[in-house]
Amino acid sequence: MRKKIFIIPVFFVFFLFSLIDTSAQNVAPPEWQQCMACHALGKKLIGPDLVGITDRRSEEWIYKFIRNSQEMIQAGDPIAVQVWEEHNKIPMTNFDFTDDQIKGILDFIKAYDPSQPVEIAQAPTTVSDTVEKAETAEEAELDQFLYKHEKYGPGNTRPTFIVFLILLIIAVADLAFIKFIRAHFIHYIVILVSIFVMGEIVYVEAKALGRQEGYSPDQPVWFSHKVHAGQNHIDCLYCHSTAMESKSAGIPGINVCMNCHNVVKSGKITGTEEIAKVVEAWNTGKPIEWVRVHNLPDHVFFSHAQHVNAGKRQCQECHGPVEKMDRIVQVENLGMGWCIHCHRRTPVQFKENSFYQEYTRFKEKMESGEMSRVTVDDIGGNNCQTCHY
Amino acid sequence: MKLKIEKNKILFVMLIGIGLVFSACHRDNNSTGQAYFPDMSYSYAFETYGSSPNFSDSIQMLMPVEGTIPREMIPYQFGKTFQEQVRAGQELVNPYTPDEAVMKRGKEQYTIFCSNCHGVSGKGDGYLVTSKLFTAQPVSLLSDYVQSKPDGEIFHVITLGSLSTLMGAHGSQIKPEDRWKIVTYVKNGLK
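Just so we're clear, the structure is a prediction, and the values are computed from it rather than from any experiment. (Residues numbered from 1 in each chain as written. Chains lettered and ligands numbered in written order. Predicted model: local features only at pLDDT ≥ 70, side-chain atom pairs only at ≥ 80, totals over all residues.)

Let's shift gears to the overall build of chain A. Secondary structure summary: chain A contains 20 helices and three strands in total. Within chain A, the fraction of its 389 residues that count as buried is 16%. Residue pairs in contact within chain A that sit at least 24 positions apart in sequence constitute 71% of those at least 6 positions apart. (Helix = DSSP H or I, 4+ residues; strand = E, 2+ residues; numbered from the N terminus. Buried ≥ 20, exposed ≤ 12 C-beta atoms within 10 Å, placed from the backbone. Contact = placed C-beta atoms within 7 Å.)

All names here are of chain B. Two numbers describe how helix α3 (residues 82–91) lies on helix α8 (residues 151–160): the axes approach to 6 Å, and their chain directions differ by 130 degrees. Considered as vectors, α3 and α8 are oriented oblique to each other. Between α3 and α8 lies a crossing of right-handed hand. Contact residues: Q85, A88, G89, Q90 and E91 in α3; G152, E153 and H156 in α8. Grouping the constituent residues of the contact of α3 with α8 by class yields one nonpolar, five polar and two charged. (Axes fitted to C-alpha atoms, helices over the stretch in contact; angles between N-to-C directions. Parallel < 35°, antiparallel > 145°, perpendicular 65-115°, else oblique. Left-handed = near helix turned anticlockwise from the far one by under 90°. Nonpolar A, V, L, I, M, F, W, Y, C, P; charged D, E, K, R; others polar.)

Residues and elements named next belong to chain B. Here H156 lies in helix α8. Linking H156 and V139, residues 17 residues apart in sequence, is a C-alpha distance of 16 Å. With residues up to four places along the chain from it excluded, the contact list for H156 reads F78, Q85, A88 and G89.

Tallying the contact residues gives 58 residues for chain A and 48 residues for chain B. Contributions of two or more residues to the side of chain A that touches chain B are made by β2 (94–95), α10 (158–178), α11 (184–208), α13 (236–239) and α14 (254–261) of chain A. Its residues assigned to classes, the side of chain A that touches chain B shows 29 nonpolar, 22 polar and seven charged. Relative to strand β1 (residues 136–137) of chain B, β2 of chain A runs antiparallel, the two being bridged by two bridges. The residue bridging F95 of chain A from the neighbouring strand is A136 of chain B, located in β1 of chain B. (Pairing = 2+ DSSP bridges.)

This next bit is on the nonpolar core. Grouped together as the largest cluster of nonpolar side chains are 27 residues, with contacts concentrated most on I182 and V186 of chain B. Of all the secondary structure elements, the ones that give two or more residues to this core are α13 and α14 of chain A together with α4 (100–113), α8 and α9 (176–188) of chain B. Those residues in contact with V186 of chain B, other than ones at most four positions away along the chain, are Y110, G122, L141 and I154 of chain B. (Core = buried A, V, L, I, M, F, W, Y, C linked by C-beta atoms within 7 Å.)

Attention now goes to the environment of T386 of chain A. Residues and elements named next belong to chain A. With respect to the secondary-structure elements, T386 resides in helix α20 (residues 384–387). On the neighbour-count criterion, T386 (15 C-beta atoms within 10 Å) is partly exposed. Here the alpha-carbon distance between T386 and F301, two residues 85 residues apart in the chain, equals 7.8 Å. The contact partners of T386, leaving out residues within four places of it in the chain, are G380 and G381.

Put into structure tokens, the structure is as follows:
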């Protein structure tokens, strides 16, 4: 009984502390992040100081102004026009906030205490399963695609090889020395099957040497190309902007991520956690160490500019349906046979292509009907020194 | 004797079964597999996006030394304030006239870099906005506010982003020539 009495004051003290903690800080709603870009409390930024805004303007006026200020200015609202002219005639961005969201912001401004720092509340995580369900058909298609490609990649074949090697040794030993089993056909079957399986393994493993088809490493951030390039329709070149001009397609810097993620803080599938990693990298300046998936050996020269710009290839031709992949998988083996095969069958696109404007002899031959088409092979794309030098 | 053979048969079938089970395992998705002549496959020189033990923060791709600029590069001379934006509008001159080639390239680049938010039409109805993924409503590029701005000011906003920072800086992604072509397209091509 005594113990319990002792515990109660301890709890009470904790309770008091917790009260002090919450009352001491200015907790802003998540929407404040967007207001913060132009407005501050206690000083003028691009937009006016918002302290006391609820006393200066009517609530109805504020709601209208947040949603569409330009409409009010054009309608000739005297206060709106005056505010607009005072602030260099920079129009305020329209925000499609709900009544509750605006009320949250206004309540925060009303309760703002200048002596305390502002802390922005985390947006509630909205993980919607509807997105995943809606795309099961698409996903099934991709699964089949990946399965088809993974099937040809070697599994962990070493244990199988060892098992059959032991079987082979036992069979030969029994046939020659031990003579434990009298029926010899068993020995022959075991020897034949072992040799066949081991030969197959040697062939498959040798074929996969230096290939990384099906390689799909864990990345430091759960970044989904399916969400960005597929569902959000962002062009590949928006992030990999050097693919047209450079040898490398380019890993986008974090500043490119922040073009959208300065506003978008919560993802459909991952919530806030993964985007927070990107924001942290941006704030601290510590780069995200992405793991490279598609990698050609050092003795091969490859230029994205040549293939994307002059060759007019689509990204998906070599990288597979990236816009359907949550996690990047290497779908082509990037072997030399694969390169050569494509160079042999792909016709050069002479039409509206300034890179090939000097190739008049080939164009003449095509016009005269001497050649039905000109492939990359014909213009020297398969010479050794084109890629190896 | 007959019994012994059957025992061995069972053992034999079991071993094959075990072998098949093992062979069904797939390669670890984090493993790149084996390479012949790894010294020819993996570069000894440090590569652009790789890490390097020579620097304390192990970043291979370094920033230029403070106060220096790369050859042939003219650094952008304007800061990110309202006054500087107006000054950019007065001092920068668009080198392009709206001919066919410029407009074609401008439209191409506009579609890649701008239409996500500003929309193909320029009214601020890009997919990221209409789908409510990006909650801020971008300015309509057809409005008098944008169309009345000098070309240099639009160029300035593309390069450094908007004053509100809701539009990010696109200078690192778009080359200056292409930025001017986008400006030309925004001024003359959007309908």
